Amino acid sequence: MSIPEIDLTVYPDECDAFGHLNQASFLSLFERARWEMLARGPGMDVFTRAGAWPAVRKTTIDYHAAAFPGDVLRFHQALVHHGRTSFTMRQTARRVQDDALIATAEFVFVCIGRDGRPMPVPAEVGGFMNARAAADPAVRRVTVNGVGLAVEERGEGRAVLFIHGYPFDHTVWRHQLERLPGVRRIAPDLRGMGLSDAPDLGYSMRTYADDLAALLDTLGVEDVVLVGLSLGGYVAFEFLRHWRERVRGLVLVDTRAEADNADGRRARDATAALARDGGAKAIADAMLPKLLSSATERDAPKVVAQVRAMIERTPVAGIVGALAAMRDRPDSTPLLGTLGAVPTVVIVGEDDEITPAPGARAMADAIPHARLVTIPGAGHVTPLEQPDVLIGTLAAFLESLER
Ligand code: MLT
């Protein structure tokens with residue numbers, strides 16, 4: 001079961017003198033969408049049955065575009081934080097006709113009992129709203145470093161931590177999670193992405209790395225092989241700066257060690273503005289032409305659709321946060337020469353336009369004993385574009401660690 005989207009029509013009595021949907025009416029439309037969502041799931045009386053009332057503690061609404069009488073708005077609801085007595089929902093309203101992003105909102109609720117005291121979020125509500133995670137038994141939520149992270153875990157043996165890129169989630173590793181044999185595969189959604197919490201502030205490479213170290217502690221994992229895709233590579237470098245003794249091997253996929261230059265930093269801010277104005281869809285539209293190889297675009301429409309869907313479901317707060325973290329990340333090139341004791345393989349899609357092959361070669365040359373593997377037919381999303389070649393490369397690398 002997934003959280004249903006709700007279509008609601010804008011009526012004239014909800015509009016102001018200029019004929020725009022009035023800002024105050026948004027509150028009741030978002031509320032109606034939530035009740036309608038419950039009606040189609042566990043029932044509108046789910047809170048009454050549990051004796052818990054969801055009191056709104058905080059509301060934030062961003063108004064993106066005008067809507068008019070007769071417009072049909074599609075409301076998408078997602079649970080972005082699930083605490084013991086509180087939960088946060090992010091909702092978006094898009095106009096069905098042209099898919100324009102009309103408004104995004106975040107509501108923080110505290111569950112209050114009949115005696116006026118906070119009480120646990122009813123299990124039925126949490127279960128329903130966590131439906132996407134719950135649908136896959138290999139995915140669970142853990143709270144570490146102050147955020148709820150979703151993490152998929154499969155297999156047993158040496159621990160391998162898969163760190164996804166921007167603005168993706170752990171499903172970019174779906175094939176490697178399913179089919180890489182003989183190791184414990186751990187793939188979290190970084191904060192702000194996938195099914196993990198998406199706080200408004202607090203994103204940096206250090207925070208991402210702290211989250212992952214805390215996650216490994218929670219899972220009882222001491223040593224790990226890091227596999228980082230693009231942003232995931234930047235996070236891996238940060239992890240190495242602080243917990244090198246925990247790293248048994250390093251796989252850098254479609255990534256780079258340099259920091260952003262001044263133009264790159266300005267571009268991050270412009271992209272953040274695009275995300276705030278146009279939502280994740282605008283980011284998908286802007287990124288997709290550069291992400292995939294021409295072979296993938298031509299021959300693999302399912303992969304193109306997967307990548308688009310993955311980007312479009314990323315919360316705007318997570319996109320903006322990741323852009324700030326990438327803009328401010330340190331230069332990791334001084335680290336490369338010091339990694340001689342960490343077995344490393346650098347992997348790059350031959351057609352990667354974002355972190356092109358010559359840069360990957362330079363990075364591999366700078367890391368003592370590192371190997372470079374160039375994968376034909378892949379762009380910047382090698383795990384989905386050439387999954388089997390990547391599985392073979394990873395399996396050979398992991399086997400070499402045992403020798
Ligand atoms: C990624 O795939 O993680 C990003 O493209 C990295 C970046 O923008 O620097």
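Residues numbered from 1 in each chain as written. Predicted model: local features only at pLDDT ≥ 70, side-chain atom pairs only at ≥ 80, totals over all residues. Heavy atoms only, no water.

Got a sec to walk through the sheet that holds strand 4 (residues 86-95)? Specific residues and values, please.
Within the open sheet, the five strands sit side by side as 1-3-4-5-2. Their pairing is antiparallel. Strands at the two margins of the open sheet, each flanked by one partner only, are strand 1 (6-9) and strand 2 (52-63). Neighbour-to-neighbour, the strand axes of the sheet open up by a mean angle of 30 degrees, direction not taken into account. Both strand 1 and strand 3 (residues 72-82) contribute to a ladder of four bridges, which runs antiparallel. Across the sheet, isoleucine 6 pairs through a bridge with phenylalanine 75, a residue of strand 3. Sheet strands touched by helix 1 (residues 23-40): strand 1, strand 2, strand 3, strand 4 and strand 5 (101-113). Its angle to strand 5, the strand with the most contacts, is close to 65 degrees. (Pairing = 2+ DSSP bridges. Helix = DSSP H or I, 4+ residues; strand = E, 2+ residues; numbered from the N terminus. Axes fitted to C-alpha atoms, helices over the stretch in contact; angles between N-to-C directions. Contact = heavy atoms within 4.5 Å.)

Go over empty space enclosed by the protein with me, naming the residues and quoting the values.
Summed over all chains, the structure comprises one cavity of 30 Å³ or more. Of the pockets and cavities examined, the largest cavity occupies roughly 30 Å³. If you go around the largest cavity, the residues you meet are Met205, Tyr234, Phe237, Arg241, Arg256, Ala257, Glu258, Arg329, Pro330 and Ser332. Sorting elements by how many residues they give to the lining of the largest cavity places helix 7 (residues 231-243) first, with three residues. Class assignment for the residues of the lining of the largest cavity results in five nonpolar, one polar and four charged. (1 Å grid on protein atoms, 1.4 Å probe; cavity = no way out; pocket = protein on both sides within 12 Å on 5 of 7 lines; lining within 4 Å. Points joined across faces, edges and corners; volume = space filled by probe spheres on them. Nonpolar A, V, L, I, M, F, W, Y, C, P; charged D, E, K, R; others polar.)

Summarise the site of the ligand; cite the residues concerned and give the values.
Close contacts around the ligand come from Gly165, Tyr166, Ser230, Leu231, Tyr234, Arg256, Arg268, Met326, Ile354 and His380, and that covers them all. At 2.8 Å, a backbone N or O of tyrosine 166 approaches an oxygen atom of the ligand. Here an oxygen atom of the ligand and a side-chain polar atom of histidine 380 are 2.7 Å apart. Protein contacts shield 95% of the accessible area of the ligand, which totals 270 Å² for the unbound molecule. A molecule is said to occupy a pocket when more than half its atoms come within 2 Å of that pocket's grid points, and by this definition the ligand occupies the second largest pocket. Among the residues forming the shell around the ligand, the class breakdown is five nonpolar, three polar and two charged. (Near = heavy atom within 4 Å. Polar contact = N/O pair within 3.5 Å; in protein donor to acceptor, adjacent residues only side chain to side chain. Areas by Shrake-Rupley, 256 points an atom, 1.4 Å probe, with all protein chains shown as cover. Sits in = over half its atoms within 2 Å of the grid points.)

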